[in-house]
Every structure is written in structure tokens, then in C-alpha cells.
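Given next are the chains, with one letter for each unit.
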Amino acid sequence: MAGEDPLRRRLQDLPRSAWVIFSGMFLIKFGNFLNVFLVLFLVAQGFSAFQAGVALGVVGVGAFIGNAVGGTVADRFGRRTAIAVSMFGSSAATALVPLTDGLLATTALVGLVGVFAQLYRPAAGALLVDVVPEKQRVTAFAVLRLAINVGMAVGPLVGGLLSGASYTYVFLGDALFSFAFGVLALSTLPGGRPPAETPAPQAAARGKGKGGYREVLSDRPYLLFLGSMVAATFVYGQSTATLPLHVTDAGFDNKVYGLLLGLNALLCVVIELPLTKHTERRNPRRVIAAGLALLGIGMALTGAMQAVWLLALTVVVWTVAETVYTPIANAYPAEFSPAHLRGRYQGAEGIAHTLGGALGPAVGGLLYSISPPLHWTACAAVAGLGALLILGADPGNRSQASTPQPARTTPEPAPAA
């Protein structure tokens, strides 16, 4: 309609499978209680903070493996199958956590949870690329992030209430939300799997067409993109790794830190989706580079700020940066990946974020302990390196990146009304 908001039209035009993914992501991020409360649960069981931290680190290792395995499962057995296996496996393993005795057994089990809990991610990203037209992909990934942010903002409040009654309820609640997404995926998502494809001439010229992750890892422009994502996640991860240390050193309590994170979440929810109608029209590499440069500036300024309102201003700067580059970056792997390898390309992106998420707290914490000014300067340098890497990540003219949707055993439902 002539008077209808363009953003509203774009949302209405998204296929129903995309909305299923959005709904599922909200469910599992809302119910992501294990990661939030695992350390508190283990300490309450009598384990040390160090032992609990190791167990949480094992969850991260499992997530790393899950992304890699999930890409292969999504490409070989189909997106719906990968999501269902991920959700049902995660649900079963999470429900067993409060019934497990001993640190070793519990740590092994939560590591398995990490594998299953991330196995769905490449399939979800690949399915969005499969069913969403190219011109709508940035919007789709922005809606996906909106669902994630809202779920993560509200869910821990419910988890906190459940933990007051019993940690068993926390893990059972997490398991229930994962199970719900699994049922939703099986009952509503299209089945089938991507067809095997003959490598395009451009791929053959680069020595590709090897199949599997070997082909992904031989894609040099895509490796530059992955490097930029490691850098981005490394720097952004300081918002939960070293920003709380800086807030404390500046003489403020945890309430101030909580308010700063709340400001970040609120801005993401309010501005990110409307902003995409401007950023999606521009060169994606330049948009991502600009966002990373702004992220580095915002983080570097953090170390120089000692007043609450100035700290809040730096949060605004790096949050705007996040909303600029993240939706574009999430959609960018589609520019590289042929249909039959979309899961693996998405899995490689997940691995890059997992690696950056692991390095950020470890290296950032070490640098901060040596010299806070050195740490914040290093954040700016890493973000700048990421901006340079993405500028070189040109996919060129890849006809396979926009191939028709893969064959399905069930038809794609009509767009949401």
C-alpha cells in the first residue's frame, strides 16, 4: 500500500520459514539458562570458582566443535535435520546436568551440551540464505539479531526466579525451550537437502571444488572475512570481559555496569532494524569496515572515561558500531558460498566468532592486568586490523552465491501475513 511503512512491507515479505527461525532463536536465547547459571550452580554444589570457570570454558570448546560439525550436518542431511538433532540433543543433555555427580562427569556433560547447542547455528543461517531473497537478507539477519537480543534481555530474569526455587528448574527450563524449538522445526520447516553442484569456473580457477571445509579454507577472500570477524568479536567481547573491570576501577559498583549493558541492549533493539534500510544499500565491505573502525574508537575511548555519562557515551558509540556492521556481516557469507556448502560457510563463520569470543577475555584480561591504557589501545588496533581485512574480502562475481533455493521434500510455506 502507498502509505505503508517500507520496513513493515519488508518484514511482511519475509517467508514463513524465516519467522520460524526467528521464533526458535528467541526461544533458545530466552531459555539459555545453562550458560548464565552454570558457574553459580557448580559453586553451590561445592566446587571452586576456578573449577566452575573451567567447566564453562569446556562449554565454549563444545560450541567450537558444534559449529564445525553443524555445518557438515546441515549440508549433508538438510537444515531441518540439523536443527532438530541440535535441539533434541541439547534438551536431553541439559536435563541430565542436575542429575550428574562429580566435576569430571558434569564438565563432560556440559561440554556435550555445548556441542549440541551450537550444532543448529550453521543450519539456521544457511536456511535463511536458502529461503530469503538476496535483497532481503540483511533485514532478515537484523530481525534474527532482534530476536536474540530480546530473548537474552528477558530470559535471565526468568532464570533468576527459577534459580531461587531450585537449579533443577533452571536446567529443565532450558531443556524445555530447546525441545520446543526442535518440535517447531520438525513441524514447520521445509525438509530436503541442497543438491550437489558442479564447481563454477571461478572456483576451479582458485583450486577449489575440493568439497567440505577444505574448499572453505581454500577460499582466501573468505578467510580475510573470517579474520575480520575474529577481530570484531575479540574487541566486542571486552564489553563483558574488561569493561566491568574498568567500571570498578573508576570507583563505580556493579549497578553502573549493569546499566551500561542495559543501554547497549536497548539501543540494539531500538535502532538496529531501522538502520538496516540505509546500510543494506551500500557496499557491504565498506559498511563492515566503517563499523569496525567505529567499534575500535568506542572501545579505545572507554579507557579514558571516568564519569558515568562519558562511559555511557562510549557505549553509545560502540553500540552504534555493532548495529552498523553486524547485520551486514551476518548476511555476507552468502556472497561467498555455493548452495551445497552454505552450511559449512556458516559453520566457519561461527567458528571465527567462537575463537574471537575465547581470545577476547583471555588476551584482553592479560593486557588489562599489565596496563589498562595498553589494553584499550590494543582494542583499537585489533578493530582497525579487522577493518583492513574486510576491505580485502571481495567475493568477486560468484554466480553460485545466489543460486536458486535448494530442493525440498516439502514446499516452502507462504510469506507471513
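Predicted model only: the values in this text are computed from it and were never measured.

**A few points about the environment of Ile 351**
Here Ile 351 lies in helix H18 (residues 342–370). For the pair Ile 351 and Ile 65, spaced 286 residues apart in sequence, the C-alpha separation works out to 8.1 Å. Discounting residues that sit within four places of it in the chain, Ile 351 has contacts with Phe 64, Asn 67 and Ala 68.

**Regarding helix H12 (residues 220–236)**
With 17 residues, H12 should cover 24 Å at 1.5 Å per step; its first-to-last C-alpha distance of 24 Å lies within 8% of that length. Along H12, twelve of the 17 residues are buried, which leaves the element largely enclosed by surrounding structure. Those residues of H12 not exposed but buried are Pro 221, Tyr 222, Phe 225, Leu 226, Ser 228, Met 229, Val 230, Ala 231, Ala 232, Thr 233, Phe 234 and Val 235. Packing partners of the buried residues in H12 comprise helix H11 (212–217), helix H13 (238–241), helix H16 (284–302), helix H17 (308–331), H18 and helix H19 (372–391).

**Some thoughts on the side chain of Gln 118**
Along the polypeptide, Gln 118 turns up in helix H6 (residues 103–119). Once residues lying within four places of it in the same chain are set aside, the contact partners of Gln 118 are Ala 63, Gly 66 and Asn 67.

**Here we look at the packing of H12 against H16**
Two elements in contact, H12 and H16, have axes separated by 10 Å at closest approach and are oriented at 30°. If you check the angle between H12 and H16, you find them roughly parallel. Between H12 and H16 lies a crossing of left-handed hand. Residues Ser 228, Met 229, Ala 232, Val 235 and Tyr 236 of H12 touch H16, and the partners they reach there are Ile 288, Leu 292, Leu 295 and Met 299.

**What to know about a nonpolar patch on the surface**
Where nonpolar side chains cluster on the molecular surface, the patch consists of Val 61, Phe 64, Ile 65, Val 69, Leu 355, Leu 359 and Val 363 and spans about 520 Å² of accessible area. Of all elements in the fold, only helix H4 (49–77) and H18 reach the threshold of two or more residues within the nonpolar patch. Its place among the elements puts Phe 64 in helix H4. Residue Phe 64 is classed as partly exposed on the basis of its relative accessible area, which comes to 35%.

**As for the nonpolar core**
Counting residues in hydrophobic clusters, the biggest one holds 78 residues, and the most contacted among them are Ile 21, Ile 83, Phe 225 and Ile 288. Apart from the residues within four sequence positions on either side, Ile 21 is in contact with Ile 83, Ala 124, Leu 127, Leu 128, Leu 144, Phe 181 and Leu 189. Phe 41, Ala 52, Val 97 and Val 110 belong to the second-largest nonpolar core, a separate cluster that totals 13 residues.

**Focus on H16**
Residues lying three or four places apart along an α-helix face the same way, a consequence of the helix completing one turn every 3.6 residues. Between its first and last C-alpha, H16 extends 27 Å over 19 residues, near the 27 Å set by a 1.5 Å rise per residue. Buried within H16 are the following residues: Arg 285, Val 287, Ile 288, Ala 289, Gly 291, Leu 292, Leu 295, Gly 296, Gly 298, Met 299 and Thr 302. Elements that come into contact with the buried residues of H16 comprise H12, H13, helix H14 (243–249), helix H15 (254–279), H17 and H19. The N-capping residue of H16, defined by a side-chain oxygen 2.9 Å from the backbone nitrogen of Arg 285, is Asn 283.

**Examining the confidence of the model for the protein chain**
On average, the protein chain scores 86 in pLDDT, and the residues at 70 or more come to 89%. Of the regions scoring below 50 in pLDDT, residues 204–209 engages in nine contacts with residues more than four places distant in sequence or in other chains. Predicted confidence for residues 400–417 stays below pLDDT 50, and this span has 62 contacts to residues more than four positions away or in other chains.

**Some words on the pattern of salt bridges**
Under the defined criterion, the tally for this structure stands at seven salt bridges. Here Asp 394 and Arg 285 are joined by a salt bridge, their closest N and O atoms 3.9 Å apart. Within this pair, whereas Asp 394 is found in the segment after H19, its partner Arg 285 is found in helix H16, the two being separated by 109 residues in sequence. Asp 394 sits in the partly exposed class, given a relative accessible area of 40%. Connected via shared salt-bridge partners are Asp 75, Arg 79, Asp 130, Arg 342 and Arg 344.

Cut-offs used in this document
- Residues numbered from 1 in each chain as written.
- Predicted model: local features only at pLDDT ≥ 70, side-chain atom pairs only at ≥ 80, totals over all residues.
- Heavy atoms only, no water.
- Helix = DSSP H or I, 4+ residues; strand = E, 2+ residues; numbered from the N terminus.
- Contact = heavy atoms within 4.5 Å.
- Expected span 1.5 Å × (residues − 1).
- Buried < 20%, exposed > 50% of the residue type's maximum accessible area, 1.4 Å probe, protein only.
- Axes fitted to C-alpha atoms, helices over the stretch in contact; angles between N-to-C directions.
- Parallel < 35°, antiparallel > 145°, perpendicular 65-115°, else oblique.
- Left-handed = near helix turned anticlockwise from the far one by under 90°.
- Patch = residues over 30% accessible without salt bridge, like charges linked within 9 Å, V, L, I, M, F, W, Y side chains within 5 Å.
- Areas by Shrake-Rupley, 256 points an atom, 1.4 Å probe, with all protein chains shown as cover.
- Salt bridge = Lys/Arg side-chain N within 4 Å of Asp/Glu carboxyl O.
- Core = buried A, V, L, I, M, F, W, Y, C linked by side-chain atoms within 4.5 Å.
- Polar contact = N/O pair within 3.5 Å; in protein donor to acceptor, adjacent residues only side chain to side chain.
- pLDDT = per-residue confidence, 0-100.

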